[in-house]
Amino acid sequence: MVYDYIINSYPEKQTAYIISFGTIKALATIDSLCRAYDIPLDEAAELKSTFKENNEKLIKKFPEFFEEVKEQLGFGSDAEIEHIRALGAKKDATDEEIRNVIAYHKQNTQAVRDKYPNIIRYYNGLFGVPVSQGIHPAGIIVAPSRVDLFRDYGVFMNDGKRVLSIDMDECHDVSLVKYDILGLKQMQILRLTCETAGIRVPLSHEMDWGDPIVWKHMMDSPIGVFQFEGSYAYKLLSEFGPHCVDDMTLVNAALRPSGASYRDNLIAGIPNKNPSKEIDELLAANNGYLVYQEDIIRFLQEICGLSGSEADNIRRGIAHKEEKRLQEAMPKILEGYCEKSSHPREQAEQEAKTFIQIIKDASSYMFGRNHATGYSMVGYKCVFFRTYFPAEFIIGYLNAAKSNDDIVKGDTLADELDISYLNDPVVKKRKAEIISAYSGRHVTADDIPDVPRKIVVYRPTFGKSKGRYTFDPENYAIYKGVGSIKGLNASASDELYELAQKPEYKNLENMSAAEKRVAFYHLIVDCLLNTSIKKNNLKSLIELNFFHEFGGDATLLRIYDTLGALTGDFKFATLHNKSFKKAELPFLDLDLDVLMSLPHNETEKMLRGFDMDLYFTKVFSAYKDENLPLKQRLETEKEATGGTYLTRINSRSPYYYIMEMRTYDRKNNPYFTLFNLKTGLIERCSVSDARYYINNTIQQGDVITNCKFEKVRKKKKVDGQYIETDQYKTILKSWTKPKKFN
């Protein structure tokens, strides 16, 4: 939609997509050559493993030299040696430093070159060769009116799209403007939030970016704060204590790799001292730190006197380690800086060179201020709606979920937030103003109802749930949707919701348990006769406890099965006039006492004229309430939802369901994937104590509790020895297996 808007807003000659090329990577090159030379799969796997080990050794030996290298270098081939020389030139490495790297790499890889000479020979020619052509996934060119992209750069058609014949780097070189278009889930969350709240999404100029209530609740939870949902990012933002969007922007940019050198001091509020007061004044808004790409441009433009395009070209050259471009511009940079400086020329030149080195050290992964500000505005906007419309925001978050992790986060946010502040008269007044401004209807604080302290998210429930997550404003609660359940779509889900509005199903709280069971029997008939719901889908919903307000799921499933068996697979044409062969009665699941008490006609071989509606009413009302075993329910949920569990058990010590169990060389040291039935989180762990496992055996499908976990460092094999790494794994030390669930 965004692309179409841009394309339709400009003449055809001014817009085009950008061509991109996919190259064959190192390991894929090895795979291709091993296939060509009929090398067995296990030997090919060993060769790739050797390649990766050689690459790790090289980087470990020269970490600073290879800090930004993405290519894998594991053969010591001619192509790799040329790559190392080019890399050294970009990094201003001395000839001796480059020779040392090359000598170590060739010596370290000599054995593999001797063993596979043909692989190495053709690897030189294949590695890095473009093998596919595509379109840049998140960008489009918009040229000024004087430029004709067809005439000046060449454009071809690909699947109905205009594509420029030069790639992204070449577009930069000729100063074409590329619009970056990123699809953000947060924009969908905001749209869905506003839909639920009955308002439109406000435009940026309509927002109050300094709302004190929003800033007060900014740090209530990391969930929903765009770019700060991770624990480390959220910790930094909390420590910085943001009070405006610029504060968020500063922290956003500092999170990038270029911020590593100054991040801690910036967050702590320690000012940075630069080589001169001119630079200090330039960076005053950043507390003296070089943070944004625009800071480099401002330095080159405002202090050194370069034009805007010159400054940006040099910035890009520095970022891409193009030393030649920088050296060509250095005389002009030094001249401009010295003119502005109040210090003697020799001192001023040294100040400029010192700051240029700071730029070179930081610029590779530096964030643009415009980019960081846009992200921060989205983050603030999310918190704005999370503050004033928390239930609606959680619904938007859950309906936009892309994974089970997103669903867990949405559930966690509902559990974490204390929303009692919404009952404050000042907050009510502000919320009324927001609704009035963005809905077109006049609302006052008196129209805003009080809310409970917590938001509750309920499992899919008949009469409450639709296709997606829905809001129950009367109880200020959220109900999970059923549209994602296999075989059900939004239309069928909405039919179920409409059916629930019938009087006979609406007042269940006033019915006895027996009356609820009879009502459920009528509901089955109603569903299968008057909606598009299929019988198998109806059974899945029963097993998912969707109809729990009618009774226990095991009892409801028994009603369903009995009804199907005695009506010829849910054929209701003879419901009020049913006949049975006497010979078949012993084989049917019938209560003969109840059946024979009903009016009927009898012949030698037949019993006719039974009103089965009366039979079912009497039999079903006598059933006892029973529930399915937890393990059966969980497996049903997994199957019906494609891997998501709906059941939650709120207990002091969490219960875990063993989703998966794997064993490798040591069968008594298994690996487990556990589902936390309290939080909904999926956790992975392994058992290290084989004796404890033998005495307390558990397996896939079991439920365990009272679990004790321990984090330990992972180890990897280097030069024949196992060494600890910076990564951790989880060990399951002990557990109990409750009888009631197993």
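Residues numbered from 1 in each chain as written. Predicted model: local features only at pLDDT ≥ 70, side-chain atom pairs only at ≥ 80, totals over all residues. Heavy atoms only, no water.

1. With respect to the overall build of the protein chain
Logical step 1: Along its length, the protein chain carries 32 helices and 16 strands.
Logical step 2: Taken against the 2.2 N^0.38 rule, which gives 27 Å for 742 residues, the C-alpha radius of gyration of the protein chain at 34 Å runs more than 25% over that of a compact globule.
Logical step 3: Dimensions of the protein chain along its principal axes, counting C-alpha atoms only, are 120 × 75 × 55 Å.
Logical step 4: A total of 742 residues make up the protein chain; the buried ones form 46% of that total.
Logical step 5: Taking contacts inside the protein chain between residues at least 6 apart in sequence as the whole, the part at least 24 apart equals 63%. (Helix = DSSP H or I, 4+ residues; strand = E, 2+ residues; numbered from the N terminus. Rg over C-alpha atoms; globule rule 2.2 N^0.38 Å. Buried < 20%, exposed > 50% of the residue type's maximum accessible area, 1.4 Å probe, protein only. Contact = heavy atoms within 4.5 Å.)

2. Examining the sheet that holds strand E4 (residues 161–164)
Logical step 1: On the basis of which strands lie adjacent, the open sheet formed by 5 strands has the order E3-E4-E1-E2-E5 and mixed pairing. Here the strands that pair on one side only, and so sit at the sheet edges, are strand E3 (155–158) and strand E5 (178–180). Averaged over neighbouring strand pairs, the angle between their axes works out to 55° when direction is ignored.
Logical step 2: Bridge count between strand E1 (residues 15–23) and strand E2 (residues 130–142): 8 bridges; the pairing is antiparallel. (Pairing = 2+ DSSP bridges. Axes fitted to C-alpha atoms, helices over the stretch in contact; angles between N-to-C directions.)

3. Digging into the environment of Val 451
Logical step 1: Tracing the backbone shows Val 451 in the loop between helix H23 (425–439) and strand E6 (456–458).
Logical step 2: Not counting residues up to four positions away in its chain, the partners in contact with Val 451 are Ile 419, Leu 422, Asn 423 and Tyr 476.

4. Things to note about the packing of aromatic side chains
Logical step 1: Throughout the structure, instances matching the rule amount to 40 aromatic pairs.
Logical step 2: A centroid spacing of 6.3 Å and a plane angle of 45° characterise the contact between Phe 393 and Tyr 397, whose relative ring orientation is tilted. Taken as a pair, Phe 393 and Tyr 397 lie in helix H21 (residues 390–399) at a separation of 4 residues, close to a single helical turn. Taken individually, Phe 393 and Tyr 397 each receive the classification buried, so the pair is uniform in this respect.
Logical step 3: Each member of the aromatic cluster is reached from another via a ring pair, and the members are Trp 209, Trp 215, Tyr 380, Phe 384, Phe 385, Tyr 388 and Phe 389.
Logical step 4: For Lys 161, the ring lying beneath its charged end belongs to Tyr 17, and the centroid distance is 5.2 Å.
Logical step 5: In this structure, Lys 466 packs its charged tip against the face of Tyr 497, placed 4.6 Å from the ring centre. (Phe/Tyr/Trp six-rings, centres within 6.5 Å; stacked < 30°, edge-to-face > 60°. Lys NZ or Arg CZ within 6 Å of the ring centre and 35° of its normal.)

5. What to know about H23
Logical step 1: For H23, built from 15 residues, the straight-helix expectation of 21 Å at 1.5 Å per residue is met to within 8% by its first-to-last C-alpha distance of 21 Å.
Logical step 2: Burial in H23 covers these residues: Val 427, Lys 428, Arg 430, Lys 431, Ala 432, Ile 434, Ile 435 and Tyr 438.
Logical step 3: Just beyond H23, the residue with positive phi is Gly 440, at close to 85°. (Expected span 1.5 Å × (residues − 1).)

6. Structural notes on the sheet that holds strand E8 (residues 477–479)
Logical step 1: Overall, mixed pairing links the 3 strands, which are arranged E6-E8-E7 in an open sheet. Edge positions in the open sheet fall to E6 and strand E7 (470–472), since each of these has one partner strand only. Between one strand and the next, the sheet's axes are offset by a mean angle of 30°, whatever the strand orientation.
Logical step 2: When E7 meets E8, the two strands line up antiparallel, connected through 3 bridges. Bridge assignment links Asp 472 to a residue of E8, and that residue is Ala 477.

7. Notes on the packing of helix H2 (residues 26–36) against helix H7 (residues 117–126)
Logical step 1: Put simply, H2 and H7 touch, their axes get as near as 10 Å, and they point 130° apart. What the angle tells us is that H2 and H7 run oblique. Helix-helix and strand crossings are classified by hand; for H2 and H7 the assignment is right-handed. Note on element contacts: H7 touches H2 through Ile 119, Tyr 122, Tyr 123 and Leu 126, opposite Ala 26, Thr 29, Ile 30, Leu 33 and Cys 34.
Logical step 2: Across the contact of H2 with H7, the residue classes break down as 8 nonpolar, 1 polar and no charged. (Parallel < 35°, antiparallel > 145°, perpendicular 65-115°, else oblique. Left-handed = near helix turned anticlockwise from the far one by under 90°. Nonpolar A, V, L, I, M, F, W, Y, C, P; charged D, E, K, R; others polar.)

8. What about the pattern of salt bridges?
Logical step 1: As enumerated under the stated definition, the model contains 39 salt bridges in all.
Logical step 2: The partner of Asp 450 in a salt bridge is Lys 428, with the nearest N and O atoms 2.5 Å apart. With Asp 450 in the loop between H23 and E6 and Lys 428 in helix H23, this residue pair connects regions lying 22 residues apart in the sequence.
Logical step 3: With relative accessibility at 57%, the residue Asp 450 sits in the exposed group.
Logical step 4: Its relative accessible area of 13% is what places Lys 428 among the buried residues.
Logical step 5: Two residues, Glu 710 and Lys 733, come together in a salt bridge whose shortest N-O distance is 3.4 Å. Of this pair, Glu 710 sits in strand E15 (residues 703–718) while Lys 733 is found in strand E16 (residues 721–736), placing the two residues 23 residues apart along the sequence.
Logical step 6: Here Lys 733 falls in the partly exposed class, since its relative accessible area comes to 39%.
Logical step 7: Taken together, the shared-partner salt bridges connect Asp 208, Asp 211, Lys 429, Arg 430 and Glu 433 into one network. (Salt bridge = Lys/Arg side-chain N within 4 Å of Asp/Glu carboxyl O.)

9. What to know about the side chain of Asp 280
Logical step 1: Along the chain, Asp 280 turns up in helix H15 (residues 277–282).
Logical step 2: There is a polar contact of 2.9 Å between the side chain of Asp 280 and the side chain of Asn 274. (Polar contact = N/O pair within 3.5 Å; in protein donor to acceptor, adjacent residues only side chain to side chain.)

10. What about unusual backbone geometry?
Logical step 1: Positive phi, close to 65°, is recorded for Asn 545, a residue that is not glycine.
Logical step 2: Mapped onto the elements of the fold, Asn 545 is located in the loop between helix H27 (535–543) and helix H28 (553–566).
Logical step 3: Phi is positive for Phe 570, which is not a glycine, with a value near 65°.

11. Some details on helix H12 (residues 231–240)
Logical step 1: Turning to H12, its buried residues number three or more, namely Ala 233, Tyr 234, Leu 236 and Leu 237. Each buried residue of H12 lies within a common arc of 160° when the element is viewed along its axis, so the set occupies one face.
Logical step 2: Among the residues trailing H12, Gly 241 stands out with phi positive, at a value near 70°. (Arc of directions from axis to C-beta.)

12. A closer look at the packing of helix H24 (residues 490–499) against helix H26 (residues 513–530)
Logical step 1: Two elements in contact, H24 and H26, have axes separated by 11 Å at closest approach and are oriented at 135°. Accordingly, the angle class assigned to the pair H24 and H26 is oblique. Where H24 crosses over H26, the two elements pack in a sense that is right-handed. Residues Glu 495, Leu 496 and Leu 499 of H24 lie in contact with H26, whose contacting residues are Leu 523, Asp 526, Cys 527 and Asn 530.

13. Describing the environment of Arg 648
Logical step 1: When you line up the elements, Arg 648 lands in the loop between helix H31 (630–641) and strand E12 (656–662).
Logical step 2: According to the relative accessible area criterion, Arg 648 is partly exposed, its value standing at 30%.
Logical step 3: Sequence separation between Arg 648 and Lys 678 is 30 residues; the distance between their C-alpha atoms is 5.4 Å.
Logical step 4: Sequence-distant contacts of Arg 648, that is, excluding residues within four places in its chain, are made with Asp 411, Phe 675, Leu 677, Lys 678, Thr 679 and Gly 680.
Logical step 5: Of the polar contacts made by the side chain of Arg 648, one reaches the backbone oxygen of Tyr 645; its length is 3.0 Å.

14. A look at the pairing of strand E9 (residues 578–581)
Logical step 1: Residues of E9 alternate between two faces, with Lys 578 and Phe 580 buried on one and Ser 579 and Lys 581 left unburied on the opposite face.
Logical step 2: Where E9 and strand E11 (residues 606–610) come together, 3 bridges link them in antiparallel fashion. Residue pairing in the sheet places Phe 580 in a bridge with Leu 607 of E11.

15. With respect to a nonpolar patch on the surface
Logical step 1: A cluster of nonpolar side chains, namely Tyr 10, Val 177 and Tyr 179, defines an oily patch on the protein surface of about 260 Å² accessible area.
Logical step 2: Tracing the backbone through its elements, the reader meets Tyr 10 in the loop between helix H1 (2–9) and E1.
Logical step 3: A residue is classified by how much of its surface remains accessible, and Tyr 10, at 34% relative accessible area, is partly exposed. (Patch = residues over 30% accessible without salt bridge, like charges linked within 9 Å, V, L, I, M, F, W, Y side chains within 5 Å. Areas by Shrake-Rupley, 256 points an atom, 1.4 Å probe, with all protein chains shown as cover.)

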